Amino acid sequence: MSRRYPSCRGEQQYVMPANLGDALPEGHLTGFAVEAVELRDLSVFHTADREDG
């Protein structure tokens, strides 16, 4: 079983695109998931944060 990997160039600065959305096709399920999370109140995850870090 052969695997296909992108070529590695020494001058390449990033492996991933600067904006992950640019790498996904339009209508990809990931976009829906991101939008759904953005609509939620996530303050419950931050209630235990301390003021001094």
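Up top is the structure.
These figures come from a predicted structure and were not determined experimentally. (Residues numbered from 1 in each chain as written. Predicted model: local features only at pLDDT ≥ 70, side-chain atom pairs only at ≥ 80, totals over all residues. Heavy atoms only, no water.)

A.B. asks: Outline the overall build of the protein, listing residues and values.
C.D. replies: Looking only at helices and strands, the protein has two helices and zero strands in total. The buried share of the protein, reckoned over its 53 residues, is 0%. Counting only carbon and sulfur atoms, one obtains 55% of the accessible surface of the protein, whose full area is about 5900 Å². (Helix = DSSP H or I, 4+ residues; strand = E, 2+ residues; numbered from the N terminus. Buried < 20%, exposed > 50% of the residue type's maximum accessible area, 1.4 Å probe, protein only. Areas by Shrake-Rupley, 256 points an atom, 1.4 Å probe, with all protein chains shown as cover.)

A.B. asks: With reference to specific residues and values, describe a nonpolar patch on the surface.
C.D. replies: On the surface, a cluster of nonpolar side chains totalling about 400 Å² of accessible area is made up of V37, L42, V44 and F45. Along the polypeptide, F45 turns up in the segment after helix 2 (29–39). Residue classification places F45 among the exposed residues on the basis of a relative accessible area of 62%. (Patch = residues over 30% accessible without salt bridge, like charges linked within 9 Å, V, L, I, M, F, W, Y side chains within 5 Å. Salt bridge = Lys/Arg side-chain N within 4 Å of Asp/Glu carboxyl O.)

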